[in-house]
Amino acid sequence: MLALAILVLIHEFGHYFFSRLFGVRVEKFYLFFNPWFSLFKYKPKKKEPKPGEQDKASWRDTEYGIGWLPLGGYCKIAGMIDESMDKEQMAQPEQPWEFRSKPAWQRLFIMIGGVLFNFILAIIIYAGIIFTWGEQFLPFRNAEEGMMYSPAAHKIGFQDGDIPLFADDKELDYLSGESILAIVGAKNVSVLRNKQDTVIISIPNNFIFTANKEAEDGQSFMAYRLPVVVANTQNGMGAIKAGLQKGDHIISVNGNATPSYDLFKAQLDSCKEKIVPMTFLRNYVTHSCDIEIDGAGKIGIQLTPITEIYETTTIDYSLWNSIPRGIEMGVDKLSSYVSQLGLIFTKEGAQSLGGFGALGSIFPEKWSWENFWYITAFLSVILAFMNILPIPALDGGHVLFLLYEIILRRKPSEKFLEYAQMAGMIFLLALMLYANGNDIYRFLFK
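Overview of the structure. Here the structure is a predicted model, which means the values were calculated and not measured.

Further remarks concern the overall build of the protein chain. Each helix and strand counted, the protein chain has 15 helices and 16 strands in total. For 446 residues, the compact-globule estimate of 2.2 N^0.38 gives 22 Å, and the C-alpha radius of gyration of the protein chain, at 29 Å, exceeds that figure by more than 25%. Each principal axis of the C-alpha atoms in the protein chain carries an extent, and together these give about 100 × 45 × 45 Å. Scored against the burial criterion, the 446 residues of the protein chain give a buried share of 43%. Within the protein chain, contacts between residues at least 6 apart in sequence are counted, and of these 68% link residues at least 24 apart. Here the protein chain has roughly 24,800 Å² of accessible surface; of this, 60% comes from carbon and sulfur atoms. Computed over 41 positive and 47 negative side-chain charges, the separation of the two mean positions in the protein chain equals 7 Å.

Dropping the structure here:
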């Protein structure tokens, strides 16, 4: 709700800003919709013009409010055919403070104001994140044991331990949403296998939907393999009895290699209530011992975090340097999102569409300001792009008609614009019902 409120408020303020800049009257400015009643509204007292003074647009013309229906918001601009479908106003003679009386280029800026402000907001947020927290990541090449992969990844040729290098021509640096998206959307991915061989893996068409379905079921496409390095031992358990110490790197259990925690745990589970041989490294020297495994498949160790095992890279940014990095991140997010948009028009893409339930599910259960701002910035990019699509009732639909007017030097008829607005609203309503219906279906039956 907080993210949605911020995004809607900034979007509508973009329209408001350019309207006021060009002297257009804004009749209402609302966060969320307010059919029948508002949670809050405020209408400033309007100052009457002095005798002989022309009535001009002012911030006092606007009713400011908060609606109760959190499906968006609106900025009602005088003299414009919008979702309010105010035909009575449009039937009156043009006024100098109305949208329709302004030059086409000014109307164009008013219409793209929301999209522009959303994208600027995303850049500001990304720059703020970078300035506040910097960028800390574990490069793929530093993770010597490589990655562990999902069943779908295994099926197309990935093997646990592979280190991703390139997705087509794009170098893969570290584990992130962007790197996974680059891999599942590529044609070919090169990986380093067995720490020495470069292998090319072909990615099937529309594999992104398979990976997305796995993600919905809680299965990550890939994750770093966590080596079993002892951080602490527990009194009375097998590890301390066997003499394991902090920093020991367990490499095999019962004769089976355990390069990662998942394989190590599987071996312990298969040897419950047994004493089995174990091999570990201490100061790069191999040692062996017998280890007692209890009935729960545990030996009593605490693991060392992967960021303390491998060398991570941290980049700190000054305020000045965070700005171009914020721009770069915003452009990367936008281009990545646009590149995948065509997949929506496939059968799998249509089935993957989601509404407010899907929107809420991308936020983590545990509060984190860093995660909150990352997701809010990404949603701001999505909102900007979706609103510029050339669909009537969206900003992009108005922009399309304005470009038509600028190129052909004549306006579409108001009757045509009314019908286009109605058709666009019906389409968007149907799309919203379908997307939220998908959420309900997934919740009830999947």
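With that out of the way, let us pick up the environment of Phe356. Mapped onto the elements of the fold, Phe356 is located in helix H12 (residues 356-361). Along the chain, Phe356 and Leu71 lie 285 residues apart, while their C-alpha atoms are 9.0 Å from each other. Ignoring anything within four residues of it in the chain, the contact list for Phe356 reads Leu4, Pro70, Leu71, Asn436 and Asp439.

The next subject is the pairing of strand E11 (residues 249-253). When you tally the buried positions in E11, you get 4 out of 5 residues, the bulk of the element. Here strand E10 (residues 228-233) runs beside E11; their pairing, made up of 2 bridges, is antiparallel. Looking at E11, one finds that Val229 is bridged to His249. Pairing geometry for E11 and strand E13 (residues 274-282), over 4 bridges, is antiparallel. From the neighbouring strand, Val253 faces E13, where its bridge partner is Met278. Of the pairings in the sheet, the one linking E11 to strand E12 (residues 256-257) comprises 2 bridges and is antiparallel in character.

Bringing the packing of aromatic side chains into the picture now. A full pass over the atoms with the stated rule returns 32 aromatic pairs. Relative to Phe158, the ring of Tyr149 lies with its centre 4.9 Å away and its plane at 25°, an arrangement referred to as stacked. Each of the two residues, Tyr149 as well as Phe158, counts as buried. Here the aromatic rings of Phe372 and Trp373 are separated by 5.0 Å at their centres, their planes lie at 70°, and the arrangement is edge-to-face. On the basis of relative accessibility, which here comes to 26%, the residue Trp373 falls in the partly exposed class. A connected cluster of aromatic rings, assembled from ring pairs, spans Phe13, Tyr16, Phe17, Phe18, Phe22, Phe29, Tyr64, Trp105, Phe109 and Phe117. In this arrangement the basic side chain of Arg25 is found over the ring face of Trp97, its NZ or CZ atom lying 3.7 Å from the centre. The ring of Phe378 has Lys333 lying over it, and the distance from NZ or CZ to the ring centre is 5.3 Å.

The next point concerns the packing of helix H1 (residues 2-21) against helix H13 (residues 369-388). At a closest axis distance of 10 Å, the pairing of H1 and H13 adopts a crossing angle of 40°. Judged on the interaxial angle alone, H13 and H1 are oblique. Crossing angle aside, the handedness with which H1 passes H13 is right-handed. Together, Leu2, Ala3, Ile6, Leu7 and His11 of H1 and Phe372, Trp373, Thr376, Leu379, Ser380, Leu383 and Asn387 of H13 make up the contact between the two elements. Looking at the contact of H1 with H13 residue by residue, the class counts come to 8 nonpolar, 4 polar and no charged.

Further remarks concern the pattern of salt bridges. If you walk through the whole model with that rule in mind, you get 12 salt bridges. Across the salt bridge formed by Glu135 and Arg325, the nearest N and O atoms sit 2.9 Å from each other. Of this pair, Glu135 sits in strand E3 (residues 135-137) while Arg325 sits in helix H10 (residues 319-341), placing them 190 residues apart in sequence. Of the two residues examined, Glu135 and Arg325, each falls in the buried class.

The next thing to look at is unusual backbone geometry. We note that Asn254 has phi near 55°; this positive angle belongs to a residue other than glycine. Judged by relative accessible area, Asn254 falls into the partly exposed class, the value being 35%. Unusually for a residue other than glycine, Tyr284 sits at a positive phi of about 70°. In this structure, Tyr284 sits in the loop between E13 and strand E14 (285-293).

Judged by pairing direction, the sheet is antiparallel, and its 4 strands sit side by side in the order E6-E5-E7-E8 without closing on themselves. Strands at the two margins of the open sheet, each flanked by one partner only, are strand E6 (170-171) and strand E8 (197-202). As paired strands, strand E7 (residues 188-193) and E8 are joined by 6 bridges and run antiparallel to one another. When the sheet's bridge partners are listed, Val189 is paired in E8 with Ile201.

Procedures and definitions
Residues numbered from 1 in each chain as written. Predicted model: local features only at pLDDT ≥ 70, side-chain atom pairs only at ≥ 80, totals over all residues. Heavy atoms only, no water. Helix = DSSP H or I, 4+ residues; strand = E, 2+ residues; numbered from the N terminus. Rg over C-alpha atoms; globule rule 2.2 N^0.38 Å. Buried < 20%, exposed > 50% of the residue type's maximum accessible area, 1.4 Å probe, protein only. Contact = heavy atoms within 4.5 Å. Areas by Shrake-Rupley, 256 points an atom, 1.4 Å probe, with all protein chains shown as cover. Lys, Arg positive; Asp, Glu negative; His and termini not counted. Charge placed at Lys NZ, Arg CZ, Asp CG, Glu CD. Pairing = 2+ DSSP bridges. Phe/Tyr/Trp six-rings, centres within 6.5 Å; stacked < 30°, edge-to-face > 60°. Lys NZ or Arg CZ within 6 Å of the ring centre and 35° of its normal. Axes fitted to C-alpha atoms, helices over the stretch in contact; angles between N-to-C directions. Parallel < 35°, antiparallel > 145°, perpendicular 65-115°, else oblique. Left-handed = near helix turned anticlockwise from the far one by under 90°. Nonpolar A, V, L, I, M, F, W, Y, C, P; charged D, E, K, R; others polar. Salt bridge = Lys/Arg side-chain N within 4 Å of Asp/Glu carboxyl O.

Nothing here speaks to function; it is geometry throughout.
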